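Close look at the chain arrangement
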Amino acid sequence: MDSNTGYLTTTVDAVVNWARSNSLMPMPMGLACCAIEMMAFAGPKYDVARFGSEAMRFSPRQADLMIVAGWCSYKMAHAIRRVWDQMADPKWCIAMGACASSGGMHRCYGVVQGIDNFLPVDVYIPGCPPRPDTVIHALMDIQENIRNEYSVLKDYQSGAQRLAPPESRPMMMTAEGVAAPGQGVAAEVAR
Amino acid sequence: MALKFHFTPADTPRGGEDNPHAKASTEVADTVLALREVFGNAIGDVVVYAGEHTVWVEPARIADVCRHLKESLGFNYLVDLGGVDRFTEEGRFEVYYNLVNVEGQKRIRLKVRVEEESPQVPSVTGVFKAADWNERECFDMLGITFEGHQDLRRMYMPEDFAYHPQRKEFPLLGIPGSLPLPSQTPGGPLTMDPFAAARGSKPVKSYQEPQSTQ
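A brief structural summary.

1. Overview of unusual backbone geometry
In this structure, the amide linkage connecting D89(A) to the following residue, P90(A), adopts the cis form with an omega of -10 degrees. Along the chain, P90(A) falls in the loop between α3 (74–86) and β3 (92–96). Of the consecutive residues C128(A) and P129(A), the connecting peptide bond is found in the cis state with omega at -15 degrees. Secondary-structure assignment places P129(A) in the loop between β4 (123–125) and α5 (132–148). In this structure, D47(A) takes a positive phi of about 55 degrees despite not being glycine. For D47(A), the position within the fold is in the loop between α2 (34–42) and β2 (65–69). For D47(A), a relative accessible area of 29% gives the class partly exposed. Positive phi values are uncommon outside glycine, yet F87(B) reaches one of about 60 degrees. With respect to the helices and strands, F87(B) occurs in the loop between β3 (77–85) and β4 (93–101).

Written as structure tokens, this is what we have:
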């Protein structure tokens, strides 16, 4: 190598995560009024293009960040999970607004009380609806997460570790009560 | 299906004070008289509240009354149809029909009451096509069956849902296990607990998921 040409040492993580964090393509799962704020977040005034996320991808194959904006019904939950499963790894998820995070004001039988019951959520945004700058804040949190915590090694984890069962199994609840190891209905009542 | 039953006290009636917003279009005394002439005892009480006429109809004749109103008296537009759970011992369920005479600029409200044991009302879809989805909604939410409806499926809830959520004894947060959530991993079992996260279940990130076998 010519000694007059400079070179730089770095890690693959630093380069790949820099690229990933600055080109997050959101999958806009707009379900209710939060979706309007999400549009403002992508629009010219708040201009998320500054963070490289202006390309909303309505195809899950091309997206790596799902923004669930709005209340999610039990019927819609299955469609959301299906879209999430179709997204290519690595992927992140934002629960935007009170309804997506916890059910919000929709405390009723038809609305899922927080999408973290079936999706691995990385960032929750409070607000009803949250302002677009809050959504940008959440996006920056995701970027921080990618730069500091994510590693390309996780993309290539395979074999024993990937064949191992997930960390936690969902508890099954039937009309008779909780049917799972751990706490049962009686323990719940006793507490 | 046997659900717990809690009784709530009834509100005291508010009395028939004059409605300052009442319109002449809701005064349909002549239409009520015309209905009485044709249907006689099938027309029950007629209540005038806040300048609006409400006609009680015998459930079995509701489709005939609607047909007569549409074809002879000009009430050709079904604005709304819906159900009420009054949660009383007698006449628990109520179905209301709001009709409009577009030409004559008149409105009339019909009501029928059915018992909890046999919540069956003849369908008016043969008269008003618009009643189709309203009756499906009413069936979905309250479990009132509309006899003669061509396609009485649920409107909102999944088709295998076992309950009627707008009935008063249905708990606000639903019945655990009746509406499954998606699986926590691709191809996994459905999440039957609607509060899985509150009980400590945390869906895993995709790189922690078990490898696909497909």
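Here the narrative resumes, following the displayed structure.
2. Some words on the packing of helix α1 (residues 12–21) of chain A against α5(A)
All names here are of chain A. Relative to each other, α1 and α5 sit at 165 degrees, their axes nearing to 8 Å. Judged on the interaxial angle alone, α5 and α1 are roughly antiparallel. The two elements α1 and α5 cross, and the hand of that crossing is right-handed. Where α1 approaches α5, its residues N17, R20 and S21 are matched on the opposing element by Q143, I146 and R147. For the contact of α1 with α5, the class distribution of residues is one nonpolar, three polar and two charged.

Parameters and conventions
Residues numbered from 1 in each chain as written. Chains lettered and ligands numbered in written order. Predicted model: local features only at pLDDT ≥ 70, side-chain atom pairs only at ≥ 80, totals over all residues. Heavy atoms only, no water. Helix = DSSP H or I, 4+ residues; strand = E, 2+ residues; numbered from the N terminus. Buried < 20%, exposed > 50% of the residue type's maximum accessible area, 1.4 Å probe, protein only. Axes fitted to C-alpha atoms, helices over the stretch in contact; angles between N-to-C directions. Parallel < 35°, antiparallel > 145°, perpendicular 65-115°, else oblique. Left-handed = near helix turned anticlockwise from the far one by under 90°. Contact = heavy atoms within 4.5 Å. Nonpolar A, V, L, I, M, F, W, Y, C, P; charged D, E, K, R; others polar.

Limitation: the analysis is restricted to geometry and does not speak to function.
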